[in-house]
Amino acid sequence: MDLFDKCRAFTSAREAMTAGIYPYFAPFENSDATTARLDGREIVMAGSNNYLGLTKDPRVLDAARAALQESGTSCTGSRLLNGNLRLHEELEAELADLLGKPAALVFSTGYGANVGTISALMTRGDTVVLDREAHASAIDGAQMTLGRVRFFAHNDVDDLRRKLVLAGRDGGGVLVVVDGVYSMGGDVCPLPEIVAACRQHGATLLVDDAHGVGVLGQGRGTCAQLGLTDEVDLITITFSKSFASIGGAVLGDADVIHYLRHHARAEIFSASLSPANTAAALAAVRVARAEPWRGRRAMENAAYVAAALADLGLPVGTSDSPIIPVHTGEALRTAFLWRRLMDLGVYTNAVLPPAASPRLRASFMATHTRDHLDRVVAAFRTMAGEGLVDGRTGTAA
Ligand code: PMP
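Residues numbered from 1 in each chain as written. Predicted model: local features only at pLDDT ≥ 70, side-chain atom pairs only at ≥ 80, totals over all residues. Heavy atoms only, no water.

Draft legend 1. The pattern of salt bridges, seen in detail. Throughout the structure, instances matching the rule amount to 22 salt bridges. The closest approach of N and O atoms between Asp343 and Arg339, which form a salt bridge, is 3.0 Å. Placement of the pair is Asp343 and Arg339 together in helix H14 (residues 331-343), with a separation of 4 residues, close to one helical turn. The exposure class assigned to Asp343 is partly exposed, which follows from its relative accessible area of 40%. Classification of Arg339 by relative accessible area gives partly exposed; the value is 27%. Among the ionic contacts, a cluster of salt bridges with common partners joins Glu90, Glu94, Asp97, Arg286 and Arg289. (Salt bridge = Lys/Arg side-chain N within 4 Å of Asp/Glu carboxyl O. Helix = DSSP H or I, 4+ residues; strand = E, 2+ residues; numbered from the N terminus. Buried < 20%, exposed > 50% of the residue type's maximum accessible area, 1.4 Å probe, protein only.)

Draft legend 2. Focus on the nonpolar core. Within the largest apolar cluster, 62 residues are counted, with the highest numbers of intra-cluster contacts made by Leu95, Leu205, Ile237, Phe239 and Phe243. The leading source of residues in this core is helix H12 (residues 275-290), at 10 residues. Excluding anything up to four places from it in sequence, Ile237 contacts Leu95, Leu99, Gly110, Ala113, Asp209, Ala210, Val213, Phe243, Gly248, Ala249 and Leu251. Grouped together as the second largest cluster of nonpolar side chains are 33 residues, Ala308, Leu309, Val326 and Met365 included. (Core = buried A, V, L, I, M, F, W, Y, C linked by side-chain atoms within 4.5 Å. Contact = heavy atoms within 4.5 Å.)

Draft legend 3. Local environment of the packing of helix H5 (residues 110-121) against helix H6 (residues 136-143). In the contact formed by H5 and H6, the axes pass within 8 Å of each other and the chain directions differ by 30°. As judged from the angle between their axes, H5 and H6 are roughly parallel. The way H5 lies across H6 gives a crossing that is right-handed. Side by side, H5 and H6 meet where Tyr111, Asn114, Val115, Ile118 and Ser119 of the first sit next to Ser137, Ala138, Asp140, Gly141 and Ala142 of the second. Per-class residue counts for the contact of H5 with H6 are 5 nonpolar, 4 polar and 1 charged. (Axes fitted to C-alpha atoms, helices over the stretch in contact; angles between N-to-C directions. Parallel < 35°, antiparallel > 145°, perpendicular 65-115°, else oblique. Left-handed = near helix turned anticlockwise from the far one by under 90°. Nonpolar A, V, L, I, M, F, W, Y, C, P; charged D, E, K, R; others polar.)

Draft legend 4. Representation of the pairing of strand E6 (residues 148-152) within the structure. Relative to E6, strand E5 (residues 127-131) runs parallel, the two being bridged by 5 bridges. In the strand pairing of E6, Val128 is matched with Val149. Between E5 and its parallel partner E6, the chain crosses via H6, and the hand of that crossover is right-handed. (Pairing = 2+ DSSP bridges. Right-handed = clockwise from strand over helix to strand, strands pointing away.)

Draft legend 5. Spatial organisation of the pairing of strand E9 (residues 234-238). Of all 5 residues in E9, 5 are buried, a share of seventy percent or more. The side-chain alternation of E9 yields two buried faces, one formed by Leu234, Thr236 and Thr238 and the other by Ile235 and Ile237. Sheet analysis places strand E8 (residues 204-208) next to E9, joined by 3 bridges and oriented parallel. If you follow Asp208 over to E9, its bridge partner there is Thr236. When E9 meets strand E10 (residues 248-252), the two strands line up antiparallel, connected through 4 bridges. Among the inter-strand pairings, Thr236 is bridged to a residue of E10, identified as Val250.

Draft legend 6. Representation of unusual backbone geometry within the structure. Here the amide bond leading from Pro353 into Pro354 is cis, since omega sits at 10°, within 30 degrees of zero. Structurally, Pro354 is set in the loop between strand E13 (349-351) and strand E14 (359-363). Backbone geometry at Asn155 places phi at a positive 60°, although glycine is not the residue there. A positive phi angle, near 55°, is found at Gln218, a position not held by glycine. Here Gln218 lies in the loop between E8 and helix H9 (222-225).

Draft legend 7. Structural view of the packing of aromatic side chains. All told, the structure shown has 3 aromatic pairs when counted by the stated rule. For the ring pair Phe28 and Tyr347, a centre distance of 5.2 Å and an interplane angle of 90° mean the geometry is edge-to-face. Note that Phe28 is positioned in the loop between helix H2 (12-19) and strand E1 (29-30) and Tyr347 in strand E12 (residues 346-347), a separation of 319 residues in sequence. We classify Phe28 as partly exposed; its relative accessible area is 24%. The buried category is assigned to Tyr347, whose relative accessible area is 12%. (Phe/Tyr/Trp six-rings, centres within 6.5 Å; stacked < 30°, edge-to-face > 60°.)

Draft legend 8. Looking closely at the site of the ligand. Taken together, 14 residues form the shell around the ligand, and within it Tyr111, Asp208, His211, Ser240 and Lys241 come nearest. The contact in question runs from an oxygen atom of the ligand to an N or O atom on the backbone of Gly110, over 3.1 Å. Here an oxygen atom of the ligand and a backbone polar atom of Tyr111 are 2.8 Å apart. For the ligand, whose free accessible area comes to 390 Å², the fraction covered by protein is 82%. Among the elements that make up the shell around the ligand, the one with the highest residue count is H5 (3 residues). (Near = heavy atom within 4 Å. Polar contact = N/O pair within 3.5 Å; in protein donor to acceptor, adjacent residues only side chain to side chain. Areas by Shrake-Rupley, 256 points an atom, 1.4 Å probe, with all protein chains shown as cover.)

Draft legend 9. View of the sheet that holds strand E11 (residues 323-327). The 3 strands lie next to each other as E11-E14-E13, forming an open sheet whose pairing is antiparallel. Bordering the open sheet on either side are E11 and E13, each of which pairs with just one other strand. Going from strand to strand, the sheet's axes swing by 30° on average, the running direction of each strand aside. Pairing geometry for E13 and E14, over 3 bridges, is antiparallel. Following the sheet pairing, Asn349 is matched in E14 by Arg361. The sheet contacts of H14 involve E13 and E14, and relative to E14 the element is tilted by about 40°.

Structure below.
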């Protein structure tokens, strides 16, 4: 069997390109964060994770520019060796303070923060129990260990308890992994019940708060919003959403973070976060703390659009975040709807299995104006008027 046979047999993306409905890798030229240019046209950006609207904030840009001048374009090595900057440590201290945890470890991506943390903690005989909709990076981290991997039904704490009983029979340590805010549905995990289940079964709990930090809990994230920071053992975050950069971090007790600093392979064997990205994240965290209205505004903007789409009878999922899922029912239909919205001047994320059930994922920023939001609503209204989305069935027509 030729390894490349699967590449030659992979035709669906080319077929979608030929049909003009391929929804990925659109070559945007960003104009500002709330809009983007594509083929000379201005598109309202309703599919970005730039929730606080800080990627073009002058304070963030200035900080990135200064770090670039001072420390160059790259650290050209891992944190462990030549690639550790005082700036990385300053960012770790700021994050620990923001999230209310004793210590933090910065990684070059949020993906690496999950993979590095989970794979460093698990060994043969241990079990990772993940929500079925946990982010791919958590699943990948779990699957690369010698430990056992179990899934529980999305947000279903009874099923989590069942899996914890099974994990307990296996012996070994147990790590439960959930997202604070689910990236594709915008729903918040039932954290109080999850904490109670973990406590009862002696399991360690990791909350991936990539989409909650900066927005919920006055910027301190999902655990803080629910008053449960001390009950959660580890929190992972990324800087590629609210914090206007790339990179990620894990937060927890000092001895655990010290261990991860010396054992997380995604951190040890990968070059450190660039000076400009580190400085941008640090500046964005400080702006987020000083201006908590941004998180609230992003939520209000999303709620405004969600209410208007629901009024149109569109199948909008319930959301507790700036993320609004519009369910489409079927993959091909999702691509057609995405194309139609683009023609109407609005970008959303086309989401297909295995990421999640088919949907258009819209997300909103603090800096979207009422005009931007109304343009998004108008585009959906046109599509609904054309009978493209059928709210009665809760799926695409
Ligand atoms: N966790 C979640 C829940 C995410 O949505 C993402 C990114 N989509 C990540 C982790 C990975 O973060 P990054 O893109 O910063 O590597």
